[in-house]
Amino acid sequence: MLTPEEIVKGFCSLAPEYTEEIKEVFAHCEETITPLPYAESWVRSLKEKGYRLYILSNYSGDLFERTKEKMPFLPYMDGTLFSYTCHLTKPEPEIYQHLIQKFSLTPDRCVFLDDTKANVEAAEQAGIHGIHFMGYEDGVAQLKKLGVL
């Protein structure tokens, strides 16, 4: 696993003319993370309805440490699988299998929401129902269509 410094060095080596800009972006990338206004209340309401909730994310350890206080929904999760902990990333098929095994999930009883279509398609290949998340209202409508809500 690369350190944040090694990652920045790698990007800079690919585009040395943008070294200062690359360093600036990485130094402040946590500022781009803002919780959606409905995130905590929606997660809490799903949890109160008895759903088990998990996070599967291509998140770096460094960024997680710098932004975890911006994730008030974390306490409602039954489990998390961040790519930095398993050294796999979405949409690699292995990360979905790792998620299923780690939490003893039954794929056809799971629903995976993601804003990247390729990630949803990969989850579906693993036997998980997928929703290409386009926003809260659409997500709720898609969950209702599946009979989840």
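Description of the structure in this document. Computed from a predicted structure; not experimentally measured. (Residues numbered from 1 in each chain as written. Predicted model: local features only at pLDDT ≥ 70, side-chain atom pairs only at ≥ 80, totals over all residues. Heavy atoms only, no water.)

**Examining unusual backbone geometry**
Right, on to step 1. A cis geometry characterises the amide bond from K90 onward to P91, with omega recorded as 5°.
Right, on to step 2. One non-glycine residue, H87, lies in the positive phi region at around 60°.
Right, on to step 3. Within the secondary structure, H87 sits in the loop between α5 (83–86) and α6 (93–102).
Right, on to step 4. Taking the relative accessible area as the measure of exposure, H87 reaches 55% and is therefore exposed.
Right, on to step 5. The phi dihedral of S104 falls on the positive side, at around 50°, and the residue is not glycine. (Helix = DSSP H or I, 4+ residues; strand = E, 2+ residues; numbered from the N terminus. Buried < 20%, exposed > 50% of the residue type's maximum accessible area, 1.4 Å probe, protein only.)

**Quick look at a negative patch on the surface**
Right, on to step 1. Residues E17, E20, E21, E24 and E31 make up a contiguous surface patch of negative charge.
Right, on to step 2. By the secondary structure assignment, E24 is in helix α2 (residues 19–27). (Patch = residues over 30% accessible without salt bridge, like charges linked within 9 Å, V, L, I, M, F, W, Y side chains within 5 Å. Areas by Shrake-Rupley, 256 points an atom, 1.4 Å probe, with all protein chains shown as cover. Salt bridge = Lys/Arg side-chain N within 4 Å of Asp/Glu carboxyl O. Lys, Arg positive; Asp, Glu negative; His and termini not counted. Charge placed at Lys NZ, Arg CZ, Asp CG, Glu CD.)

**Some thoughts on the packing of aromatic side chains**
Right, on to step 1. As enumerated under the stated definition, the model contains eleven aromatic pairs in all.
Right, on to step 2. Relative to Y84, the ring of F82 lies with its centre 5.9 Å away and its plane at 25°, an arrangement referred to as stacked.
Right, on to step 3. An aromatic cluster of three or more residues is present, and its members are Y38, W42, F133 and Y136. (Phe/Tyr/Trp six-rings, centres within 6.5 Å; stacked < 30°, edge-to-face > 60°.)

Read these as geometric descriptors, not functional statements.
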